[in-house]
Structures are given as structure tokens and as C-alpha cells.
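If you want the building blocks of each chain, they are given just below.
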Amino acid sequence: MTKLKALIFDVDGTIAETEKNGHRIAFNSAFAAAKLDWHWSVNFYGELLAISGGKERIRFYIEQYKSEELPKEDLTNFITTLHLAKTKYYRQLLEKGSIPLRLGVERLITEAREQGILLAIATTSALPNAMALVEKFFNPDWFEVIAAGDIVPAKKPAPDIYNYVLQQMNLQPSDCIVIEDSYHGLEAATAAGLKTIVTVNDYTKNQNFSNALLVLNHLGEPEQPFKVIQGKIQDTSYLDLSVIDSLLSVN
Ligand code: XBP
Ligand code: MG
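What you see is a predicted model, and the numbers here were worked out from it, not measured in a lab.

1. A word on the domain arrangement of the protein
- Along its sequence, the protein is carved into domain 1 (6-17 + 101-250) and domain 2 (19-95).
- Each of domain 1 and domain 2 was reduced to a C-alpha centroid, and the two centroids are 26 Å apart.
- Listed as interface residues are 17 residues of domain 1 and, on the opposing side, 21 residues of domain 2.
- Looking at the side of domain 1 facing domain 2, the largest losses of area belong to Asp12, Asn129 and Tyr203, adding up to 39% of the total buried there.
- Here domain 1 and domain 2 share two salt bridges between them.
- Note that Glu56 and Lys155 form a salt bridge whose closest N and O atoms lie 2.9 Å from each other.

So, in C-alpha cells, the structure goes:
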């Protein structure tokens, strides 16, 4: 009998590799459309990911690197307009299929639906971006709550977005497992009392995941086994609900 009631998914870097080939490209397209000669390379964007949230990331970049170029008074409007354009480009990239799901995500979500395990999303990304991804690959109705962007005052690593999801679902942290990809995400979930499985990617593979239940390179498939980076797990090649349950019973 399963103890698990809900799976809570992060979006960016977890459900899909959205950062390098999605958000980053969209930011650069928005900069070009605004006639700004700004360009965020793959490596530089990795550094900028220390700042959660697209609007916050643009503001940080301007303050650190471009403070001479822009008037201070309407900076917030300027950032909002730039970010709206970025959202448009990001959604176009998703719609045309440039950003595939990560390995094992569709399988695990299908299994959860079949077994009556609830699903939720907790992301720092703006709601239109999260919705575009859910609509492309899934169906918003499959998720009890899609918590995104500015719905809470403080973004990850603050626990707000996870606390919000728990409140909306009326569940306890011990009822749920979070799937995340980053240190910020893990810290947010942990601070909300939630246990977390991390699937790393190129941007996050060297981060500190000592608070995670398990760290994998991806969720795996029967024919495409995951690598266990941290933690103990039964002899299996992919993460399914029975593996999650067995993890919960020993932790
Ligand atoms: C990732 C983020 C987001 C995206 C950009 O959050 O920090 O800011 O990089 O998205 P998570 P927006 O991994 O929690 O989903 O431009 O829409 O903010
Ligand atoms: Mg993430």
C-alpha cells in the first residue's frame, strides 16, 4: 500500500532542459528585438542561473554589467516589457518542439495518473511559460495545482512556492515527493519539509545536493538506465512509483 499521495515537479531543468535551449535563447531573442547588443552565452547563462526568475535575472545583469546604459526611473517597466517579449519567444520555441521532455518524465507522470497519485507543479518560471509546457506535453487538468512565478512573494530557494502547493492540495510534506534539478530547488523544497529526488543536468551537476533523498542523472527508462550519483536505491534501471515508495519506507 503506497504512502505517497502526490508528486510535485519542478519545471525548468527537471521536466525538460528548458534553460540552455529555451529560456537562454528567448532572452537573447528579446535582447536582439529590443536592439540591445547583449548576448548570454551557454556558460555565462550558467552563472546567471544563480538568480531565480527571469525578471530578477535581467535586473541583476543590468545592475552588474549595464548600469551605465539605462535610465534608473523606468527600469522596472523596461524589464517587464523585455521579459514579456522573452516569454513570447520562449513559448514559440516550445510550440515548435525545440525543447523535448527529459528521459522518464512522461513515463512517471503516466504511471502516477494510472495509480491515482496526485500531480503538481512548483516553478520559479512565469505562469505563461509553465502553462505552455504543460499544454504542449500534458494537460493542465492532470495537475491539482500549477504554482508558478510571481504567485508567491519570494522565489526559490525560499520555500514559499512549495508551501503554497501544499496548502492548495491540503497535504502534508510527508505525503509528497518533489522532483527537482537544482540546489535552489532542493533548498526550497527542503525548507518546506519536503523530501526531494534530484535529476541533475549540465548546469547543476556540480551543485551540493546533500539534502536530497536521491540524486540521479535522469529518471531512466527500462532500456536507458539512470546513474545513481548519490543515495541508495534497489537494483533497478529507472525510477518508478514502487522505487519511490521503497525510498519513502526507509527514509
Ligand atoms: C527556473 C528559473 C526561471 C527560468 C526563467 O525555475 O529560475 O527563472 O530560468 O523563467 P525552476 P522566467 O527551475 O524553479 O522552474 O523568465 O519565466 O522567470
Ligand atoms: Mg529547475
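Let us keep going from here.
2. Here we look at the site of ligand 1
- For ligand 1, the set of nearby residues contains 19 residues, the closest of which are Gly54, Arg57, His83, Lys86 and Thr123.
- A distance of 2.7 Å is found between an oxygen atom of ligand 1 and a side-chain nitrogen or oxygen belonging to His83.
- Separating an oxygen atom of ligand 1 from a side-chain N or O atom of Lys86 is a distance of 2.6 Å.
- When ligand 1 is considered free in solution it has 450 Å² of accessible area, and contact with the protein chains removes 95% of it.
- At the level of secondary structure, the elements contributing two or more residues to the shell around ligand 1 comprise helix 1 (18-33), helix 3 (54-65) and helix 4 (75-95).
- Tallying contributions element by element places helix 1 first for the shell around ligand 1, with three residues.
- By residue class, the composition of the shell around ligand 1 is four nonpolar, nine polar and six charged.

3. Examining the coordination of the magnesium ion (ligand 2)
- Of the protein atoms, only Asp10 (OD), Asp12 (O) and Asp181 (OD) coordinate the magnesium ion (ligand 2), at distances of 2.1 to 2.2 Å.
- The sequence motif formed by the donor residues of the magnesium ion (ligand 2) is D-x1-D-x168-D. Taken together, the residues Asp10 in the loop between strand 1 (6-9) and helix 1 and Asp181 in the loop between strand 4 (176-180) and helix 8 (183-191) connect sequence positions 171 residues apart. Considered together, Asp10 and Asp181 belong to a single accessibility category, that of buried residues.

4. A word on the sheet that holds strand 6 (residues 214-216)
- Here seven strands make up an open sheet; going across it, the order is 3-2-1-4-5-6-7 and the pairing mixed. The sheet is open, and its two borders are formed by strand 3 (145-148) and strand 7 (228-230), each paired with just one other strand. Strand-to-strand twist in this sheet, taken as the mean axis angle between neighbours without regard to direction, amounts to 25°.
- Where strand 1 meets strand 2 (residues 118-123), four bridges bridge the pair, whose relative direction is parallel. Across the sheet, the residue bridging to Leu7 is Leu119, located in strand 2.
- The sheet contacts of helix 5 (residues 105-114) involve strand 1, strand 2 and strand 4, and relative to strand 1 the element is tilted by about 150°.

5. Let's talk about helix 9 (residues 241-250)
- Among all positions of helix 9, only Leu241, Val243, Ile244, Leu247 and Leu248 are buried. Seen end-on, helix 9 carries its buried residues on one side only, within an arc spanning 160°. Structural note: helix 9 exposes Ser249 and Val250 on the side pointing more than 90 degrees away from its buried face.

6. Overview of unusual backbone geometry
- Cis geometry marks the peptide bond from Lys156 to Pro157, where omega comes out at 15°.
- Within the element layout of this structure, Pro157 appears in the loop between strand 3 and helix 7 (160-169).
- The phi dihedral of Asn170 falls on the positive side, at around 55°, and the residue is not glycine.
- Looking at the secondary structure, you find Asn170 in the loop between helix 7 and strand 4.

Criteria and cut-off values
- Residues numbered from 1 in each chain as written.
- Chains lettered and ligands numbered in written order.
- Predicted model: local features only at pLDDT ≥ 70, side-chain atom pairs only at ≥ 80, totals over all residues.
- Heavy atoms only, no water.
- Domains from an automatic or database assignment.
- Contact = heavy atoms within 4.5 Å.
- Buried area = accessible area lost by both parts, 1.4 Å probe.
- Salt bridge = Lys/Arg side-chain N within 4 Å of Asp/Glu carboxyl O.
- Near = heavy atom within 4 Å.
- Polar contact = N/O pair within 3.5 Å; in protein donor to acceptor, adjacent residues only side chain to side chain.
- Areas by Shrake-Rupley, 256 points an atom, 1.4 Å probe, with all protein chains shown as cover.
- Helix = DSSP H or I, 4+ residues; strand = E, 2+ residues; numbered from the N terminus.
- Nonpolar A, V, L, I, M, F, W, Y, C, P; charged D, E, K, R; others polar.
- Donors = N, O, S within 2.8 Å, 3.2 Å for Na, K, Ca; no water.
- Buried < 20%, exposed > 50% of the residue type's maximum accessible area, 1.4 Å probe, protein only.
- Pairing = 2+ DSSP bridges.
- Axes fitted to C-alpha atoms, helices over the stretch in contact; angles between N-to-C directions.
- Arc of directions from axis to C-beta.

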